[in-house]
Amino acid sequence: MSDSSFVTLWLAAFVSTLVVETVVYTMMFHAEPRRRVIFAAIAVNCLTHPTLWSLGGYLFFQPYLVWMVACEIVIILAEGAMMKRILKVPWHDALVASLVANVLSVAFGYLRRAVF
């Protein structure tokens, strides 16, 4: 895969992740100030998404599904912790929101790849 096609794939995945997860976090934390939730959603994904993609090239192993699930668990925990800290919400709320956001983001990513 060429560098330009990798960047194109990453950018499409990153933008769709930002859209899906920002919508989920905004809906789940509707009682919080909207700007703060949008900031938090973008900030946590600017940290976790590039990290996942950069590690993918170095830590990739078979089966892919095992690697993906392990990475997503770490990301759910990390994003939950960051959302808790940024928004000052209970740990349970942050963790559930992170779980929902990431499951829907991964599902949308697979759907997007299957359709396009």
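Bear in mind the structure is a predicted one, so any value in this text is a computation, not a measurement.

This part is about the overall build of the chain. Each helix and strand in the chain was counted, giving 4 helices and 0 strands. Taking 13 Å as the expected radius of gyration for a compact globule of 116 residues, we find that the chain reaches 14 Å, a close match to that expectation. When its C-alpha atoms are laid out on the principal axes, the chain stretches across 45 × 25 × 20 Å. Classification of the 116 residues of the chain by burial places 34% in the buried group. For the chain, the accessible area works out to roughly 7,300 Å², and carbon and sulfur atoms hold 75% of it. Across the chain, the centroid of the 8 positively charged side chains sits 8 Å from that of the 6 negatively charged ones.

Quick look at the confidence of the model for the chain now. Looking at the chain, the pLDDT average stands at 90 and 93% of residues meet or exceed 70. Per-element mean pLDDT across the chain ranges from 86 in helix 2 (residues 34-59) up to 94 in helix 4 (residues 91-115).

Secondary-structure assignment places Glu72 in helix 3 (residues 64-87). There is no salt bridge for the buried Glu72, and the closest opposite charge comes from Arg113, which lies 10 Å off by N-O distance.

Attention now goes to helix 3. Look at helix 3: 33 Å from first C-alpha to last across 24 residues, which is about the 34 Å you get at 1.5 Å a residue. Within helix 3 the residues assigned to the buried category are Trp67, Met68, Cys71, Glu72, Ile75, Ile76, Glu79, Gly80, Met83 and Leu87.

Moving on, we get to helix 4. When the terminal C-alpha atoms of helix 4 are compared, their 36 Å separation across 25 residues agrees well with the 36 Å that a helix rising 1.5 Å per residue should span. Within the span of helix 4, buried status applies to Ala94, Ala97, Ser98, Ala101, Asn102, Ser105, Gly109 and Arg112. Against the buried residues of helix 4 lie helix 1 (3-28) and helix 3.

What counts, and at which threshold
Residues numbered from 1 in each chain as written. Predicted model: local features only at pLDDT ≥ 70, side-chain atom pairs only at ≥ 80, totals over all residues. Heavy atoms only, no water. Helix = DSSP H or I, 4+ residues; strand = E, 2+ residues; numbered from the N terminus. Rg over C-alpha atoms; globule rule 2.2 N^0.38 Å. Buried < 20%, exposed > 50% of the residue type's maximum accessible area, 1.4 Å probe, protein only. Areas by Shrake-Rupley, 256 points an atom, 1.4 Å probe, with all protein chains shown as cover. Lys, Arg positive; Asp, Glu negative; His and termini not counted. Charge placed at Lys NZ, Arg CZ, Asp CG, Glu CD. pLDDT = per-residue confidence, 0-100. Salt bridge = Lys/Arg side-chain N within 4 Å of Asp/Glu carboxyl O. Expected span 1.5 Å × (residues − 1). Contact = heavy atoms within 4.5 Å.

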